[in-house]
4 protein chains.
Amino acid sequence: MPPEELTERRRREIADAAAITFAEQGYHATGIADIARRLGIGHGTFYRYFKNKRDILKFVLSEVTRRLGDVLASEDPTATTTVEEYRAQVVRIGEGLFELFTSEPAIARLFYVESVGADHEFSEQWLDAQAAYATVTARYLQNGVDRGFLPADLDIEVSARAVNGMIFAGLLAAVRGSAGDAAERERWVQGITRLMFTGIAGG
Amino acid sequence: MPPEELTERRRREIADAAAITFAEQGYHATGIADIARRLGIGHGTFYRYFKNKRDILKFVLSEVTRRLGDVLASEDPTATTTVEEYRAQVVRIGEGLFELFTSEPAIARLFYVESVGADHEFSEQWLDAQAAYATVTARYLQNGVDRGFLPADLDIEVSARAVNGMIFAGLLAAVRGSAGDAAERERWVQGITRLMFTGIAGG
Amino acid sequence: MPPEELTERRRREIADAAAITFAEQGYHATGIADIARRLGIGHGTFYRYFKNKRDILKFVLSEVTRRLGDVLASEDPTATTTVEEYRAQVVRIGEGLFELFTSEPAIARLFYVESVGADHEFSEQWLDAQAAYATVTARYLQNGVDRGFLPADLDIEVSARAVNGMIFAGLLAAVRGSAGDAAERERWVQGITRLMFTGIAGG
Amino acid sequence: MPPEELTERRRREIADAAAITFAEQGYHATGIADIARRLGIGHGTFYRYFKNKRDILKFVLSEVTRRLGDVLASEDPTATTTVEEYRAQVVRIGEGLFELFTSEPAIARLFYVESVGADHEFSEQWLDAQAAYATVTARYLQNGVDRGFLPADLDIEVSARAVNGMIFAGLLAAVRGSAGDAAERERWVQGITRLMFTGIAGG
DNA sequence: GATGAATGAGGTTTCATTCAT
DNA sequence: AATGAATGAAACCTCATTCAT
């Protein structure tokens, strides 16, 4: 294996261990020594691969963001022409997100809990990320309005936030592990999709 | 003023200062000395009113929880018999929540950001709180189903979470201060209520 | 005792302990813990009085500089009109410097040894200090030339450096403790003064 | 080239790089990695040629000492029979020393700054070296007294120290680079020699 | 009751040195 | 012989908490 790849592999190993430890103990309660101990390496080794403790959280979160981005990018916001198509798209995205978060619960916890208040800069980044995801969702809604399959008077910005909030709430269940099996996941996806498209009062 | 009340008043003062400081600098980045300095008291005095640093965050959060509870308790989940009545109720609750969070932005930030990952126990409490609020919302939904103005096949648990997620997302705007004036607030409340009752596709 | 004065007294105590420890073990080999242990205080206490390790060396050196300055300022460079007067002045200054350095050997060692290469900035400061002392000496020489009791063609800048170098060498003896008693001191002062005024070849 | 010689050549290369790096950054601020990087070698390689970090400073200083010794050994302390001859000798030695220190400023800095307080043992060695150089100078002075061209009552020990102090001060100028060109060097050598032989008051 | 000086556990980080490749 | 990944001792420094005044 080329040394460059080996380094990358090591970074990944350490990042994984860090993610799990952060998720288990919390970012602040985790010492570099805890991460190193989990891997059975000297804690000095950590600093060969990451600048400092912040750096690894940043790295781990960028990974999460990338993977979230991959799921979102797997669909084209302008590809749908009917509500049914869009709804199918939403289900696919929802299942992708659930898959991601339930397959690696540490990621969910990092994203929803540990990164939020780790420090001021992370907080801001987290809030920025929410805004960014709202923008993505808004693009889908805009497509619906443009195509005429969503009401022209839909408040896109507010609705995008609200839709994301629903998904957020659903995924949060993954943090507590209460969306583990396929049936449960299906229930969440269906429930949220229904609410999203027809509301609680809709049929 | 009786000494007991004086003590209570002092606790409140310290708690307020702490809340603002936590919101500004973050829980971990805030030192006891920072809080004391803001009040112009010796930092040893702090410990006459609170056991430790955790204790004050706990106290502040319990205040927030109490005030949130007050808003929610201002309505009766079983009092409504029609969708219109329930919708009016939701608007009232939403406006109460927005009022609370925008009138004291520090509270919003504490609730949404600082308390989330302060430490493992707070995280758990935060997740518990979400569950508790879902239970409250579920009671409203259950009432609707029982009364027949909401569909019988509504997945109450999932929907309650999703509804709260929408509200959560809306209130989050308050953290960034983008829901300051009355018009903006109205827009959020209306947008979210519409989505909640008729979905994005509904008229 | 007013608290301000108490703080000053404590700083002095810590500075003294630091000076001795630096002199005994060397600046880099000395840990904050060593200084604290010598005083029987917790090492955290150190940081109440000094920002960090560099800070205390800076403080101690500024003290040394101040005391050196006091000795030099005790004479007036322009007050003498004859070689004999100037020579008497030199003897007085020399004795003052010897007194200072032999009464507190730690000071001598700090000045000549520990501060020199502590870090790059200290090195530069040390070199600057040498230049500054040369300027002072030059003022005396200039007075001599102006008054006509020193040769008009004296290279003042070079001579000032050289004179200081002689004194430097003499005081260095104090570092090793070989100029402890009064007789020994007298020998150094006389020897250097003779060399300074008439050279090795002079009568 | 025989392997033994090759090793010696490599040691020299590393020592040169170390000397420059120490001079530029300071002994303590210099890491083995810095030296290795300058040479474009792996920092593990360093340890094939030197036992440890101290070892290389020791080696570099021994080189300096050797070269200083070469300059001093180029003259015979007992060869002179008149003041004029001795004075010429002093000028030659002085020029040799200036030549050495200005041609390689790193050496000057190492000798005067970095080695002084590197650690306790180096400090002692540095003080020892001063004593040793004083002994050499004393031999010249003793010769002058024995031959009758220096006063019989000259305090040889003190004067030797003082003379070296003057030279020390002069060479120090090289550290700051203010004795770079030939004219400047001549000025220093002449100024110091004059002071040494006839004092500031002498003609 | 109020204070702030004192404390030291605890955490981060560096870097000289080793050693398997 | 050369390398650089791994190591952990060792140092610095912060800050929540205690407690004598």
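These lines cover the structure that appears in this document, whether it is placed above or below. What you are looking at is a predicted structure, and each value in this text was computed from that prediction instead of being measured.

**Topic: the overall build of chain A**
Each helix and strand counted, chain A has nine helices and zero strands in total. Listing each helix as α and each strand as β along chain A from the N terminus yields α-α-α-α-α-α-α-α-α. Dimensions of chain A, computed from C-alpha atoms along their principal axes, come out at roughly 60 × 35 × 30 Å. In chain A, which comprises 203 residues, the proportion classed as buried is 54%. Taking contacts inside chain A between residues at least 6 apart in sequence as the whole, the part at least 24 apart equals 65%. For chain A, the exposed surface amounts to about 8,800 Å²; the carbon and sulfur share of it is 53%.

**Structural notes on the interface of chain B and chain A**
Taken together, the contacts link 50 residues of chain B with 51 residues of chain A. In total, about 4,300 Å² of surface goes out of reach between chain B and chain A, with carbon and sulfur atoms giving 62% of it. When the shortest N-O distance is used, the salt bridge between Arg187(A) and Asp155(B) registers 2.5 Å. Connecting chain B to chain A are 15 residue pairs in polar contact (both at pLDDT 80 or more). When residues of the side of chain B that touches chain A are traced back to their parent elements, those giving at least two are helix 1 (3–25), helix 6 (105–114), helix 7 (120–147), helix 8 (156–175) and helix 9 (182–198) of chain B. Among the elements that line the side of chain B that touches chain A, the one with the most residues is helix 8 of chain B, at twelve residues. Residue composition of the side of chain B that touches chain A, by class: 26 nonpolar, 13 polar and eleven charged.

**Topic: the protein's contact with DNA strand E**
For DNA strand E, the set of nearby residues contains 30 residues, the closest of which are Thr45(B), Arg48(B), Thr45(C), Arg48(C) and Tyr49(C). The sugar-phosphate backbone supplies 62% of the atoms of DNA strand E found within 4 Å of the protein. Contacts to DNA strand E include Tyr49(C), whose side-chain N or O atom sits 2.3 Å from a phosphate oxygen. Class assignment of the residues belonging to the surface near DNA strand E gives a composition of eight nonpolar, 16 polar and six charged.

**Focus on the environment of Gly96(B)**
Inspection of the secondary structure puts Gly96(B) in helix 5 (residues 83–103). Considered as a pair, Gly96(B) and Ala201(B) are 105 residues apart in the sequence and their alpha carbons are 27 Å apart.

**Considering helix 9 (residues 182–198) of chain C**
With 17 residues, helix 9 of chain C extends 24 Å from end C-alpha to end C-alpha; this agrees with the ideal 24 Å at 1.5 Å per step. Within the sequence span of helix 9 of chain C, burial applies to Arg185(C), Trp188(C), Val189(C), Gly191(C), Ile192(C), Thr193(C), Arg194(C), Leu195(C), Met196(C) and Phe197(C). Structurally, helix 9 of chain C contributes buried residues whose contacts are with helix 5 (83–103) and helix 8 (156–175) of chain C together with helix 8 (156–175) and helix 9 (182–198) of chain D. At the exit of helix 9 of chain C stands Gly199(C), carrying a positive phi of roughly 75°.

**Some thoughts on the nonpolar core**
Across soluble globular proteins, you tend to see nonpolar side chains buried next to one another. In terms of nonpolar packing, the biggest core is built from 99 residues, with Tyr86(A), Ile200(A), Tyr86(B) and Ile200(B) touching the most fellow members. Formed by 96 residues, the second largest nonpolar core is a distinct cluster that contains Tyr112(D), Ala129(D), Phe149(D) and Phe197(D).

**Some points on the pattern of salt bridges**
As enumerated under the stated definition, the model contains 72 salt bridges over all chains in all. With a closest N to O distance of 2.7 Å, Arg92(B) and Glu75(B) form a salt bridge. On the criterion of sequence distance, the pair formed by Arg92(B) in helix 5 and Glu75(B) in the loop between helix 4 (53–73) and helix 5 is long-range, its members being 17 residues apart. Glu75(B) gets classed as buried once you look at its relative accessible area, which sits at 15%. In this structure, the salt-bridge partner of Arg9(D) is Glu13(D), at a minimum N-O distance of 4.0 Å. Of the two residues, Arg9(D) and Glu13(D) are both situated in helix 1 (residues 3–25); the distance of four residues between them amounts to about one turn of the helix.

**Remarks on the arrangement of the chains**
Without any contact between them, chain A and chain C keep their closest C-alpha atoms 21 Å apart. Kept free of each other, chain A and chain D leave a smallest C-alpha distance of 14 Å between them.

**Looking at the relation of the copies chain B and chain A**
Two copies of one chain are present, and they are related through a rotation about an axis combined with an axial shift. For the match of chain B to chain A, the screw axis carries a shift of 0.0 Å, the RMSD comes to 0.3 Å, and the turn is 179°. Within this description, the copies of the chain are treated as partners about a two-fold rotation axis. By C-alpha distance to the rotation axis, the residue of chain B lying nearest is Gly199(B), at 1.9 Å.

**Some words on the relation of the copies chain D and chain C**
Expressed as a screw transformation, the operator carrying chain D onto chain C has a rotation angle of 179° and an axial translation of 0.0 Å, and the superposed copies differ by an RMSD of 0.2 Å. Interface overlap between copies is the fraction of interface residues in one copy that are interface residues in the other; for chain D against chain C it reaches 100%, indicating a shared surface.

**Points about helix 7 of chain B**
All names here are of chain B. End to end, helix 7 covers 41 Å across 28 residues, agreeing with the expected 40 Å (1.5 Å per residue, within 8%). The residue sitting at the N-terminus of helix 7 and contributing the capping side-chain oxygen is Asp119; that oxygen lies 2.9 Å from the backbone nitrogen of Glu121. Phi turns positive one or two residues past the end of helix 7, at Gly148, with a value near 90°.

**Describing the protein's contact with DNA strand F**
With respect to spatial proximity, 30 residues lie near DNA strand F, and among them Thr45(A), Arg48(A), Tyr49(A), Thr45(D) and Arg48(D) are the closest. For DNA strand F, the fraction of protein-proximal atoms (within 4 Å) that sit in sugar or phosphate groups is 63%.

**Thoughts on the packing of helix 4 of chain B against helix 6 of chain B**
Residues and elements named next belong to chain B. Two elements in contact, helix 4 and helix 6, have axes whose closest approach is 10 Å; the angle formed by their N-to-C orientations is 105°. What the angle tells us is that helix 4 and helix 6 run roughly perpendicular. In this structure, helix 4 uses Leu57, Val60, Leu61, Val64, Arg67 and Leu68 to contact helix 6, whose residues at the interface are Ile107, Leu110 and Phe111. Residue composition of the contact of helix 4 with helix 6, by class: eight nonpolar, no polar and one charged.

**With respect to the interface of chain D and chain C**
Listed by partner, the interface residues are 50 residues for chain D and 51 residues for chain C. Buried area between chain D and chain C, summed over both chains or domains, comes out near 4,300 Å², and the portion from carbon and sulfur atoms is 62%. At the surface where chain D touches chain C, the tally comes to eight salt bridges. Of the charged contacts in the structure, one is a salt bridge between Arg109(C) and Glu124(D), with a shortest N-O distance of 3.0 Å. Summed over the shared surface of chain D and chain C, the result is 14 residue pairs in polar contact (both at pLDDT 80 or more). If you list the elements that add at least two residues to the side of chain D that touches chain C, you get helix 1, helix 6 (105–114), helix 7 (120–147), helix 8 and helix 9 of chain D. The greatest single-element share of the side of chain D that touches chain C, amounting to twelve residues, is contributed by helix 8 of chain D. For the side of chain D that touches chain C, the residue count by class is 26 nonpolar, 13 polar and eleven charged.

Criteria and thresholds
- Residues numbered from 1 in each chain as written.
- Chains lettered and ligands numbered in written order.
- Predicted model: local features only at pLDDT ≥ 70, side-chain atom pairs only at ≥ 80, totals over all residues.
- Heavy atoms only, no water.
- Helix = DSSP H or I, 4+ residues; strand = E, 2+ residues; numbered from the N terminus.
- Buried < 20%, exposed > 50% of the residue type's maximum accessible area, 1.4 Å probe, protein only.
- Contact = heavy atoms within 4.5 Å.
- Areas by Shrake-Rupley, 256 points an atom, 1.4 Å probe, with all protein chains shown as cover.
- Buried area = accessible area lost by both parts, 1.4 Å probe.
- Salt bridge = Lys/Arg side-chain N within 4 Å of Asp/Glu carboxyl O.
- Polar contact = N/O pair within 3.5 Å; in protein donor to acceptor, adjacent residues only side chain to side chain.
- Nonpolar A, V, L, I, M, F, W, Y, C, P; charged D, E, K, R; others polar.
- Near = heavy atom within 4 Å.
- Expected span 1.5 Å × (residues − 1).
- Core = buried A, V, L, I, M, F, W, Y, C linked by side-chain atoms within 4.5 Å.
- Least-squares fit on C-alpha atoms with pLDDT ≥ 70 in both.
- Axes fitted to C-alpha atoms, helices over the stretch in contact; angles between N-to-C directions.
- Parallel < 35°, antiparallel > 145°, perpendicular 65-115°, else oblique.

Keep in mind that these numbers describe shape and distance, not what the molecule does.
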